[in-house]
Amino acid sequence: MDLTTAAYLVIFLLSIAFLYDQVTKRIPSRLDSNQAPKSRFELVPAGANGLPTRKDGFDIIFVHGLGSNPDTTWRATKLAATVDTPEEAATDNAQFVNWVSDFLPIDILEATNTDRDALYTRLANLGNEFLEHINEGIPAQALQPLGSNPLLLANLEYDSISLHDFHKEFMAIAQDDLCVFNFFEKRPTRLLRLWFIQWQQFCVREQSATYEGQNVRNIGLSVDHYGLNKFGSRQDVSYKTILAKLVEVTKSPTRSDKRHYAVPLETVHTYTERAKLSAELEQKLQTRHEKASISYAVALHGLGGAGKSQLALAYAEKHKDRYNPILWIDATDEEAKIMPKGNQGSVIVTSRDNRSVRLVPGTCESVHVDVMSPVEGLKTESALEEIQRNCDKIAQRLGYLALAIDLAGAYIGNDSTPKHALSQYLADYDRHRDELLQMDGFQGLLPTEKTVWTVWDTTLQKIRRKYSHLQPELLLTFLAQFKGSIVQDESFRLACLGMEKVDTELDGEADKVMPACLRQFLPLDKGEWDSFRYRQSCGVLRVEGQWSGVTMHSLVQWRAMQSERDRPWRWWYTTFILAACWSTFGRMYYDEGRWSEAEKLFMQVMETRKTKLGADHPDMLTSMANLASTYRNQGRWEEAEKLYVQVMETSKTKLGADHPDMLTSMANLASTYRNQGRWSEAEKLEVQVMETSKTKLGADHPDTLTSMANLASTYRNQGRWSEAEKLEVQVMETSKTKLGADHPDTLTSMANLASTFWNQGRWSEAEKLDVQVMETSKTKLGADHPDTLNSMANLASTYSNQGRWSEAEKLEVQVMETRKTKLGADHPSTLTSMANLASTYRNQGRWNQGRWLEAEKLEVQVMDTSKTKLGADHPSTLTSMANLASTYRNQGRWSEAEKLDVQVMETRKTKLGADHPSTLTSMANLASTFWNQGRWSEAEKLEVQVMETRKTKLGADHPSTLMSMANLASTYRNQGRWLEAEKLDVQVMETRKTKLGADHPDTLNSMANLASTYSNQGRWSEAEKLFVQVMETRKTKLGADHPDTLTSMANLASTFWNQGRWSEAEKLEVQVMETSKTKLGADHPDTLMSMHNLALTWKDQGRHADALALMEDCLQARRRVLGEEHPYTLFCLSTVAKWSM
């Protein structure tokens, strides 16, 4: 090292030492005896002027920071000793002043005008606990020259979890009446200043320096961290702020300790704390209303006997030391209603009237006291299970009404054996409920000895006197006749509209059907229900619900039903229900698929409404839409369309083009177009509905999402998968955000997206969504809910399409059995599940003929039940007939299949029209039956009709059109018309590649068909190329052991075989056979076919013994599985015989 370098190094080190000295000389050193703390961690008295202490004083405790010197923490540079500092302090230390001991005691005495003690208590190691709390895991480290341990300070940063947790712990242990004034700095602390350079930093940010609490006030001072607790003058603004708050909290203890608690009642000894309500009352009673006549007031309102008074009493008893005086005023009588005014006190009002907040001019807070929750009503954690169970039963029977539970407890408490007493009370309640609830031998929640029978008497008597013209007590008794606790206003509106029809049908005097005293609540004015008297009476009774209807507690119902029991309430109730259901019977029939009965009633309702309300009344349009929906479900498209167009045009004129009802009518018409395969017309309407809904309602409104789902359905039916998927993903994600992941609408959107995946052959993605929907539905709705069963059926369908028959069958059996139990054996949904299970049996019939019989048995049941319930020409009946025909066709029972196919086709032509999609499907089915019998010309004729009609109706690239082209190509191929077959096969393949993608199952099928056409022409290389593509893609997409993959391997092996490439054919055929045995079973028809193919290959290779042995094994298995007369068995038999010669 040269001298120059050494000189620079020395200068650098000296500069560092100088800076260190300048920066740290302000920091007191514990090593200096003059600067070291005079005390360690105990409390240090800060009294002044030798003031005496007394036992009835109050404490002010100052806690210094971590690592600070308690002697210097509160000490600041003296600014004006002659003005602010007492003589004793000035002579003691003329440089500094300690405001805690020098200013504060005298200033507080002057402000409060009294003497106080200095009784010291320790704050239970709070500082040490905090240090341990936030310093866990931080290694020991000396305090740095410019501040505390940086790892420690990191815990004081914004959103520090440790600090936030400490705040919560502090507030948890703080007493309810603890008032906290939290002061914090608002200026940055200057850590370094060197000439014109200075370094500033917030040591503790505001977010970490403040915290929330019920009685916490955060006050910012315009000082830095060093000046937060150092004031050199009484004139310091920050000192004045702190002094004012200390005076505020110390004035309260200086007042007289004399207490006035004039509350004549006490909470009952069985009172159960209702924590949530108590906390809500506590919070709201601290809410100040500046403009109200009483600044702090809360109204407790709720059902009589719910425990309002007990809640108020519990609050008063708990806070005796907070309020003085505490007065209890019984305002049962009008004369006793005294409402004080002012901003000094707090008032709690208890009332059964939810409008009691109006008693306080300028408003106040309110708390609704409802019946107890099961947890509140039962405090039996340590009781035996049987006792807990019986307690729960009693609480449920009493509707968790506090008064009723208390009375039951008093009754049961007389018995020394709780287990026996609970069982006996349940038995007594079931047999003697009326007498038990009227017993007055046991005092309830109030000393007035009210029972469940009498608790509402005062209110009812007052209502009768004050509102005699409304007769609300009659409405209350009538409402009590309804089963359950909810009565919707809509039922009254419907009853009003149907009452005249009931009068006519019953052919009696109106008053005998329904008396005038009740008819006053059902007046019809200009075709609409006038609900004025009904609403007035409900308002008086305080039975409004949170929706358009009323709710009644079960015990209120019981009490109301005891009034005027000699009157025919049940007859009047039955008449009311009949009138209300008159216009809804059609909907019931509709839901059951009883179209003709639904149509008849909907027609009557429509005509009646047209006469009573007019042709353009909204209710009239609703009935037209209902009738149109019935037509649509019967496949009567033209009639449905005509009505829907009328509804849409009238709605547009009366309500406007963007009215929600107008948009609904457009969606209904679009649905009709969609069912007819008129995709472009449906799409046009659905786009209008979607765009208008977005504009009027917003992109995330439920109706907008429904319109997007409808448009996606139209895209899906046209095979426009990417467009459908895009919309469905939007709907699903928005539903998750707006409604939640487990909302029924969200689950529906997930099911729709799964369907789109399903149609594209994306089985794993479809399955994942289907499983989510099913599991969530089970949890949210229950295992037997209709939506849950639909989700199970969807998942079963996904399994079926992957060839996972056993998994599909298990789900389908569950769905079928549950629907039989819940809906009945002849319900349309039950029949659908039976048809699905039959389809699974049919698909398994290829290797187990016994499953044909099971499929056939189910399909016959479905068909016969559908004929009986729905009619021989109902769409569902025709579908069941087509399914049975398919089962016959798979069994080679051609004549039976043909007979059914012809019936279905002709009926559909008559009912739906020759070009309806369902009619075309039935024509294709009949062509398939002809095809299997070798009746090529008949099959071709039908297939050409189907193909041409679908091209016209659906478009040349629609999936159904492509399927019909593939069927026709197959017919050409079987007739040896190779060029015609090839032309169609190429068109189908190319279109599917474009529309569905190169790896879609339908695309792969079309490639295999074209390869088969090439093979039949001896164009082996072209066939091989396609078969290899199909096989490799299926391996990747479906797996090496999927049935479709094995089929493609067998096809490629056949191509090798036809070229004499025996070893390559053998290799593939062995793989197919062994995998089939493992996956499908040794007796599966596909396994037996692979054995047959391998035996033929061995024969051509000259391995005669091996070939004969394998073919004999195949013959024995086919005899077992397929029977002696099956074509494959007979072919195998002839081959064995030939080879054995």
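Residues numbered from 1 in each chain as written. Predicted model: local features only at pLDDT ≥ 70, side-chain atom pairs only at ≥ 80, totals over all residues. Heavy atoms only, no water.

Brief notes about the pattern of salt bridges
Move 1: Tallied over the entire structure, the rule returns 26 salt bridges.
Move 2: Put simply, Glu-859 and Arg-842 hold a salt bridge, and the shortest N to O gap is 2.3 Å. Here Glu-859 is found in helix H38 (residues 850-870), whereas its partner Arg-842 is found in helix H37 (residues 828-844), with 17 residues between them in sequence.
Move 3: Among the charged side chains, a salt-bridge network with shared partners connects Glu-856, Arg-893 and Glu-896. (Salt bridge = Lys/Arg side-chain N within 4 Å of Asp/Glu carboxyl O. Helix = DSSP H or I, 4+ residues; strand = E, 2+ residues; numbered from the N terminus.)

Quick notes on H37
Since the α-helix packs 3.6 residues into each turn, any two residues three or four apart lie on the same face.
Move 1: Between its terminal C-alpha atoms H37 stretches 25 Å, which fits the 24 Å expected from 17 residues at 1.5 Å a residue.
Move 2: Of all the residues in H37, the buried ones are Thr-830, Leu-831, Ser-833, Met-834, Ala-835, Leu-837, Ala-838, Thr-840, Tyr-841, Arg-842 and Gln-844. (Expected span 1.5 Å × (residues − 1). Buried < 20%, exposed > 50% of the residue type's maximum accessible area, 1.4 Å probe, protein only.)

What to know about the nonpolar core
Move 1: In terms of nonpolar packing, the biggest core is built from 26 residues, with Phe-478, Phe-492, Leu-518 and Phe-576 touching the most fellow members.
Move 2: Among the secondary structure elements, those contributing two or more residues to this core are helix H18 (472-479), helix H19 (489-506), helix H21 (516-519), helix H22 (532-541) and helix H24 (569-581).
Move 3: Residue contacts for Phe-576: discarding those within four places in its chain leaves Phe-478, Phe-482, Ser-491, Phe-492, Ala-495, Met-514 and Leu-522.
Move 4: Membership of the second largest hydrophobic core comes to 23 residues, among which are Ala-625, Ala-640, Tyr-644 and Tyr-673. (Core = buried A, V, L, I, M, F, W, Y, C linked by side-chain atoms within 4.5 Å. Contact = heavy atoms within 4.5 Å.)

Considering helix H50 (residues 1104-1121)
Move 1: With 18 residues, H50 ought to run about 26 Å at 1.5 Å a step, and its terminal C-alpha atoms sit 25 Å apart, in line with that.
Move 2: Buried residues along H50 sit against helix H48 (1062-1079), helix H49 (1085-1100) and helix H51 (1127-1140).
Move 3: Gly-1123, located one to two residues past H50, shows a positive phi value of around 100 degrees.

Brief notes about the environment of Met-834
Move 1: Turning to its location among the elements, Met-834 is positioned in helix H37.
Move 2: With a relative accessible area of 2%, Met-834 lands in the buried category.
Move 3: Once you skip the residues sitting within four places of it in the chain, Met-834 turns out to touch Met-816, Lys-820, Ala-825, Leu-858, Gln-861 and Val-862.

So, the packing of aromatic side chains
Move 1: Under the criterion given, the structure shown has two aromatic pairs.
Move 2: Seen from their ring centres, Trp-1057 and Trp-1062 are 5.9 Å apart, and the 75 degrees between their planes marks the pair as edge-to-face.
Move 3: A residue is classified by how much of its surface remains accessible, and Trp-1062, at 27% relative accessible area, is partly exposed. (Phe/Tyr/Trp six-rings, centres within 6.5 Å; stacked < 30°, edge-to-face > 60°.)

Geometry only, nothing functional implied.
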